[in-house]
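Remarks on the overall topology
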Amino acid sequence: MEKMAKGQKKKKSSDPTRDALDSAAKAASAAEGISAASPKRPSQIARGDVGGNEQAAISPHQGRKRQQDVTPFVTQIGAPQIPHSTNRIHSVELPLPPRDDSSMDITRDTEDSDSAKITADCTNTTRTPKGSSGQPVSCAMLSISRNGKALWKDEITGTSCSTIAGTQKVLAVGTTDGAVYLYGTSPGLGWKSAMAVRSHPPLIFGQAIVSMQLKEDTTSHQVEMVVVTSDGSFGVYLLVPELKLRYKGSIMPAMTHMILASFGTVKSDTVLPKLARIQITDTNHLLMVLSLQPATSRADELRTRPNGATPSVGVGGGLQAFVYKRPMELWMRVADSRFVLSDFYSPLPTKTAARGMLHKIEDSVKSGSVLSSLKPSHGGRSGGHQTSVLFQNGEIGGSNIVTRSHCEDRMACAAALGSVEEFKIWFVRYIQTLSKGGHVDQLRLLVDMMLNYNDSLTTHSWWWLSLAPAVLNLDRKDMVRSLVIPEMSKNRALQRLTNEIVMELDMR
């Protein structure tokens, strides 16, 4: 190896990572029209100095081209934004795992950990972080307490908390700058330890976190998270055992639907419906409930409240529930107040023994019927699951159409949710409606659809309107024999049709 000349400094060995970062910085600067190797003062740039002692005149056309090369960060003007929570304190009670006597409990010497209440609190504040000499900044102070006594703390600087959620394994904090911070704890003690550890880098969503829910499956030990951001985007993610996207979409179509149904148009000053709830159900459906208040502007108020009428938000009411259909990437409306005129509608909670998912969803939105523009008259509905006088006379009009549509809608929603017992309940009510009205043609059509099926088919998206031999694992022949015939036999006018159906069943 030759000796280096006297006075010549030895070259340092190059670092590939550092070289790559330097090259990226120079490329970014070059895109802005500024040389990273020899930066110029503003006066030099104005004179057109582009390097060394050379001068080059920049034409107006070249100046415009240079400005076009720089892509500014531009937000969509007028794009609707869902407001995030501005609460100062966000809290969640952390669930404790079942007691395991074989594991070491570090709390057994101090207090009964099984009866302890473990709470995670995130407080938004503006402060100067310890050790900093700069200006005060926004901080989210996260703490975990046992029976009100804080035992662990963390600080998320430069942002504020907008939502918080937790399961037996995971604690998640959503922030106003569009990030989600994930924390884990002891796999043995769980939150009895009252301590947490940052488990992953912050997950960046790009918009303020409006809503966040966690669901833990104790059987498969999986943890899922649903996140909604201020631009209306949502995503369902798997957190445990691995980070993975399940599916994603937007809640804006459902919100726009409520506004259009209420006010007829979407204006720049229209207030968006409030996201009352979004969660993953036990049957793995993504359920969302939206809340809409009456119009606040004078023009909308006069249009929606003629002649001093009570405030309303359209026929759908102030609360509406939606379920996301993943294969279609569309929302389905499964509950609202459009059927308040039906003979089977009741504003009271459901007392049915088979109170499944559909009935629970219905009960959650019934309070919104007070804001519906549909107001049943005192004599317009007989109530108590009895058909109207018009319907008993067999006339096609009045509440009979609403009641029939109500039953069909509920059957369709029960089938979409996979709720077998609720489908049977509404199927029976549908038969009652047709039988009491004496609608022979519709009953004949219904029985033909139920008995004409193809054994080679196994499933169909059109539930009982298909040729599949079973509906939600309910045998078609058994449904006709055990559900249709008993209801039809209650109307003597249908005796002939009933006998024909019985004979047809015996021949099959």
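Right, let's walk through the structure included here. (Residues numbered from 1 in each chain as written. Predicted model: local features only at pLDDT ≥ 70, side-chain atom pairs only at ≥ 80, totals over all residues. Heavy atoms only, no water.)

Where strand β12 (residues 209-217) and strand β13 (residues 222-229) come together, eight bridges link them in antiparallel fashion. Bridge pairing links E216 to V223 in β13. The turn linking β12 back onto β13 is made up of four residues, and H221 within it adopts a positive phi angle of 60°. (Pairing = 2+ DSSP bridges. Helix = DSSP H or I, 4+ residues; strand = E, 2+ residues; numbered from the N terminus.)

This part covers helix α4 (residues 252-263). When the terminal C-alpha atoms of α4 are compared, their 16 Å separation across 12 residues agrees well with the 16 Å that a helix rising 1.5 Å per residue should span. By the burial criterion, the buried members of α4 are M252, A254, M255, M258, I259, S262 and F263. Along the long axis of α4, the arc covered by the buried residues comes to 170°, so they all point the same way. Remark: G264 follows α4 within two positions and exhibits a positive phi of approximately 85°. (Expected span 1.5 Å × (residues − 1). Buried < 20%, exposed > 50% of the residue type's maximum accessible area, 1.4 Å probe, protein only. Arc of directions from axis to C-beta.)

Quick look at the nonpolar core now. With 41 residues, the main nonpolar core has A321, F423, F427, V480 and I501 as its most contacted residues. The dominant element in this core, judged by the number of residues it contributes, is helix α9 (residues 420-436), at seven residues. (Core = buried A, V, L, I, M, F, W, Y, C linked by side-chain atoms within 4.5 Å.)

Further remarks concern unusual backbone geometry. Here the bond from V240 into P241 is cis, since omega is 15°, no more than 30 degrees from zero. Mapped onto the elements of the fold, P241 is located in the loop between β14 (233-240) and β15 (244-250). The phi torsion at A194 lies on the positive side, around 55°, for a residue other than glycine. Take A194: it is sitting in the loop between β9 (179-184) and β10 (197-198). The phi angle at H221 is positive, at roughly 60°, despite the residue not being glycine. Overall, the relative accessible area of 46% leaves H221 in the partly exposed class.

The next point concerns the packing of α9 against helix α10 (residues 440-451). Axes are the key here: two packed helices are described by the angle between their axes and the distance separating the axes. The interhelical angle for the contact between α9 and α10, taken along N-to-C directions, is 145°, at an axis separation of 9 Å. Here F427, Y430, I431, L434 and S435 of α9 lie close against α10, whose contacting residues are Q442, L443, L446 and M450. For the contact of α9 with α10, the class distribution of residues is seven nonpolar, two polar and no charged. (Axes fitted to C-alpha atoms, helices over the stretch in contact; angles between N-to-C directions. Contact = heavy atoms within 4.5 Å. Nonpolar A, V, L, I, M, F, W, Y, C, P; charged D, E, K, R; others polar.)

Moving on, we come to the sheet that holds β14. One open sheet accounts for four strands, arranged β12-β13-β14-β15; its pairing is antiparallel. Edge positions in the sheet fall to β12 and β15, since each of these pairs with one other strand and no more. Averaged over neighbouring strand pairs, the angle between their axes works out to 15° when direction is ignored.

With that out of the way, let us pick up the environment of I280. When you line up the elements, I280 lands in strand β16 (residues 274-280). Separated by 54 residues in sequence, I280 and V226 place their C-alpha atoms 7.6 Å apart. Excluding anything up to four places from it in sequence, I280 contacts K215, E224, V236, H285 and L286.

What follows concerns the packing of α10 against helix α12 (residues 495-507). Contact geometry for α10 and α12: axes closest at 11 Å, N-to-C directions at 10°. Classed by the angle they form, the pair α10 and α12 counts as roughly parallel. Counting all contacts with α10, which are made through V440, L443, R444, V447 and L451, the residues of α12 involved are L497, E500, I501, E504 and L505. Tallied by class, the residues present in the contact of α10 with α12 amount to seven nonpolar, no polar and three charged. (Parallel < 35°, antiparallel > 145°, perpendicular 65-115°, else oblique.)

Attention shifts here to the sheet that holds strand β6 (residues 149-157). A sheet is described by the order of its strands in space; here four strands give the open sequence β3-β4-β5-β6, paired in antiparallel fashion. For this open sheet the edge positions go to β3 (89-93) and β6, each flanked by a neighbour on one side alone. Direction aside, the axes of adjacent strands within the sheet are offset by 20° on average. Direction of pairing for strand β4 (residues 118-127) relative to strand β5 (residues 137-146): antiparallel, over a ladder of 10 bridges. In the strand pairing of β5, I118 is matched with R146.

Counting across every chain of the model gives 14 salt bridges. E224 is the partner of R246 in a salt bridge, and the nearest nitrogen-oxygen pair spans 2.9 Å. Here R246, found in strand β15, pairs with E224, found in strand β13; they are 22 residues apart in sequence, far enough to count as distant. A relative accessible area of 30% places R246 in the partly exposed class. With a shortest N-O distance of 2.8 Å, E362 and R410 are connected by a salt bridge. Taken as a pair, E362 in helix α6 (residues 357-365) and R410 in helix α8 (residues 399-417) lie far apart in primary sequence, 48 residues in all. You'll find E362 and R410 in the same group, each marked buried. It is possible to trace a salt-bridge network through shared partners that takes in R444, D448, R496, E500 and E504. (Salt bridge = Lys/Arg side-chain N within 4 Å of Asp/Glu carboxyl O.)

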